[in-house]
Amino acid sequence: MTETTGNDQATSGNPTDAIAIPAASPPLSKNAQKKLLKLQRYEEKKAERKAFAKEKKQKEAERKKREWEEKLSSVTEEEKTKLIESRKELRKERMDKRSEEREKKMERLNKAKEVGQKIVVDLEFSHLMNPSEISSLVQQIMYCYAVNGRCASPCHLWLTGCEGEMESQLLKLPGFDKWCIEKEKQSYIETFQDQKEDLVYLTADAETVLEDLDLKKIYIIGGLVDRNRWKGLTMKKANEQGIKSAKLPIGSYMKMTSSQVLTVNQVVEILLKYLETNDWQSSFFQVIPQRKRSETEEKETEGEDSERKKICTEGSSSEVTVT
Ligand SMILES: C[S@@+](CC[C@H](N)C(=O)[O-])C[C@H]1O[C@@H](n2cnc3c(N)ncnc32)[C@H](O)[C@@H]1O
């Protein structure tokens, strides 16, 4: 399965979306053209895979229903009533547990609004992405929200510049209107105009290395899926706005096979892990996929990776559940 939340920023877009190149895009190299063609083929196959998965799910549900009915028909009336009652009870228990978990999560997220580390996803780049990249970003945001909700001490998550195409795509997510997250139409620079000094744009192109997180600061992440087409864009934005910038200290802890540019959800996840552990190394190793790290590193950390692999697979699913 292609990862929607992976480092290579593969798409999770609607299969019917054309992979168009925005008009303002720089010309594509031969290599990029090849990649684009591969992506187009992947999208075409995606609809087929989705239909196949749906059919499989339906068949499985029908099989279970048949099994249940057969079971009921093979027992006495008294046993039948008992079976139905116990099934109802089980369902109720499951529902109660789920709603209790949801309540606890909402408590944690509401508390984070008062005391949590502010992390902003800057959604002002929708004009630079094609539909499939926007869709991928929406999936990444959904993943960020889900991961944050599961944290014992979540961060105070903001979506700024949340309007236009980004907002309409996010609104299509079931339950998005109920998310306990700050949704702000204004840009972060307007939203936090009295705290401009505290704004730190996180960007792989910064010279300054982020050594620690500071609760008073507001960390901004560029809401962009660009397969590195818009290199240096967020750095330029931060410079033009006269705000601070910093890169994650990846180089001090691990070697990467290619660039140190991560996806939005990976950056959020790393920050969340760091808030929990105060340890960059373990945060990077738990979040950055194996294939992005150089081989020498792998041998030393195989054990740590197995758990991460599991999380990666869960996270890359387009069925990340947000309750
Ligand atoms: C896919 S990257 C976008 C890359 C884009 N070309 C740019 O100019 O930022 C998504 C965002 O994650 C954050 N990010 C990715 N890698 C990072 C790193 N190594 N250090 C700090 N922030 C990073 C940045 O905020 C970035 O805008």
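Residues numbered from 1 in each chain as written. Predicted model: local features only at pLDDT ≥ 70, side-chain atom pairs only at ≥ 80, totals over all residues.

### What to know about the pairing of strand 4 (residues 199-202)
Burial of strand 4 is two-sided: the residues Leu199 and Tyr201 facing one way and the residues Val200 and Leu202 facing the other way are all buried. Looking at chain direction, strand 4 and strand 6 (residues 244-246) are connected through three bridges and run parallel. Residue pairing for strand 6: valine 200 is matched across the bridge by lysine 244. (Buried ≥ 20, exposed ≤ 12 C-beta atoms within 10 Å, placed from the backbone. Helix = DSSP H or I, 4+ residues; strand = E, 2+ residues; numbered from the N terminus. Pairing = 2+ DSSP bridges.)

### Some details on the sheet that holds strand 5 (residues 218-222)
Strand order in the open sheet formed by six strands is 3-2-1-5-4-6, with parallel pairing between adjacent strands. Because the sheet does not close on itself, it has two edges, and the strands there are strand 3 (182-184) and strand 6. Across this sheet, the average inter-strand angle for adjacent strands is 25°, counted without regard to direction. Pairing analysis gives five bridges linking strand 1 (residues 118-122) to strand 5, with the strands arranged parallel. Opposite valine 121, over in strand 5, you have isoleucine 221 as the bridge partner. (Axes fitted to C-alpha atoms, helices over the stretch in contact; angles between N-to-C directions.)

### Quick word on the UniProt feature "active site" (unreviewed entry) in the protein
Cross-referencing UniProt, the feature "active site" (unreviewed entry) maps to Asp226 in the present numbering. Among the structural elements, aspartate 226 can be located in the loop between strand 5 and helix 6 (233-241). Dropping the residues within four chain positions of it, aspartate 226 is found in contact with Leu128, Met129 and Glu133. (UniProt positions renumbered as here; feature names shortened; annotations may be inferred. Contact = placed C-beta atoms within 7 Å.)

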